[in-house]
Amino acid sequence: ETGVTQSPTHLIKTRGQQVTLRCSSQSGHNTVSWYQQALGQGPQFIFQYYREEENGRGNFPPRFSGLQFPNYSSELNVNALELDDSALYLCASFRKGLAGAEQYFGPGTRLTVT
Amino acid sequence: QKEVEQDPGPLSVPEGAIVSLNCTYSNSAFQYFMWYRQYSRKGPELLMYTYSSGNKEDGRFTAQVDKSSKYISLFIRDSQPSDSATYLCAPEEYGGYNKLIFGAGTRLAVHP
């Protein structure tokens, strides 16, 4: 088990609503990445937060946004939910350095949009 | 064409078998290659990673990268039923931030 925790474990939302997912980093880690994993697929990179700023983003629209707090915990916000947003949302924490950082994942939040 | 291709399986083997899991990729700039294991309804767990071409061994697991052919492999020796999971290869794209490019995962079942 990593020290990365996520909440809630799962939730159900209606199309058009907004959702906030939370992630607590492992002790000693200062960077958080968020990934979306659709059923039967590998995780896809959404964005990364370091020093409370987004410093990298994948191919996701602006309605996916995030925050990182001074204690390195993080939130993922998704506005105007669509059916295709149904997925497992994963956060990974690590200590930012150069390439090859070991990213440790939390258990994920399973989001269902109806 | 996806950046990372991985045979989804499922792969079913008897206990004690040697398992070979493979990925191909297209971006020659990848330098670090991670392997994650994911049990059903859990988050991915980092197994091991390699840098550039070569082999790395950790217990029953060996990771191998051939950059000339853009081919990544994970070998599991003496496979156990507890190894039954989905295995994800994940090269890292580094451009000031650490982006993992995951394959779709190979589902492995080891039966007693």
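Structure: see above.
Residues numbered from 1 in each chain as written. Chains lettered and ligands numbered in written order. Predicted model: local features only at pLDDT ≥ 70, side-chain atom pairs only at ≥ 80, totals over all residues. Heavy atoms only, no water.

A look at the sheet that holds strand E3 (residues 19–24) of chain A
The strands that make up a sheet pair up through hydrogen bonds in the backbone, lying either parallel or antiparallel.
All names here are of chain A.
So, point 1. Taken together, four strands build an open sheet; the order of strands is E1-E3-E8-E7 and the sheet is antiparallel. Of all strands in the sheet, those with a lone pairing partner are strand E1 (5–7) and strand E7 (64–68), marking the two edges. With direction set aside, neighbouring strand axes in the sheet form an average angle of 20°.
So, point 2. Note: E3 against strand E8 (residues 74–78), five bridges, orientation antiparallel. In the strand pairing of E8, threonine 20 is matched with asparagine 77. (Pairing = 2+ DSSP bridges. Helix = DSSP H or I, 4+ residues; strand = E, 2+ residues; numbered from the N terminus. Axes fitted to C-alpha atoms, helices over the stretch in contact; angles between N-to-C directions.)

Considerations on the nonpolar core
So, point 1. Counting 24 residues, the largest nonpolar core has Trp35(B), Leu74(B) and Tyr87(B) as its most contacted members.
So, point 2. Mapped by element, the contributors of at least two residues to this core are strand E3 (19–25), strand E4 (32–38), strand E5 (45–51), strand E7 (61–66), strand E8 (71–76), strand E9 (85–94) and strand E11 (106–111) of chain B.
So, point 3. Here this core gets four residues from one element, more than from any other, and that element is E3(B).
So, point 4. Among the nonpolar cores identified, the runner-up in size contains 20 residues, and Leu11(A), Tyr49(A), Ala87(A) and Leu111(A) belong to it. (Core = buried A, V, L, I, M, F, W, Y, C linked by side-chain atoms within 4.5 Å. Buried < 20%, exposed > 50% of the residue type's maximum accessible area, 1.4 Å probe, protein only.)

Focus on the sheet that holds E7(B)
All names here are of chain B.
So, point 1. Read across the sheet, five strands follow the order E1-E3-E8-E7-E6 without closing on themselves; strand pairing throughout is antiparallel. Because the sheet does not close on itself, it has two edges, and the strands there are strand E1 (4–6) and strand E6 (54–58). Here the average twist between neighbouring strands, direction ignored, is 15°.
So, point 2. Two strands pair when backbone bridges link them, and E3 and E8 are joined in this way by six bridges, in the antiparallel orientation. Of the residues in E8, the one forming a bridge with threonine 24 is tyrosine 71.

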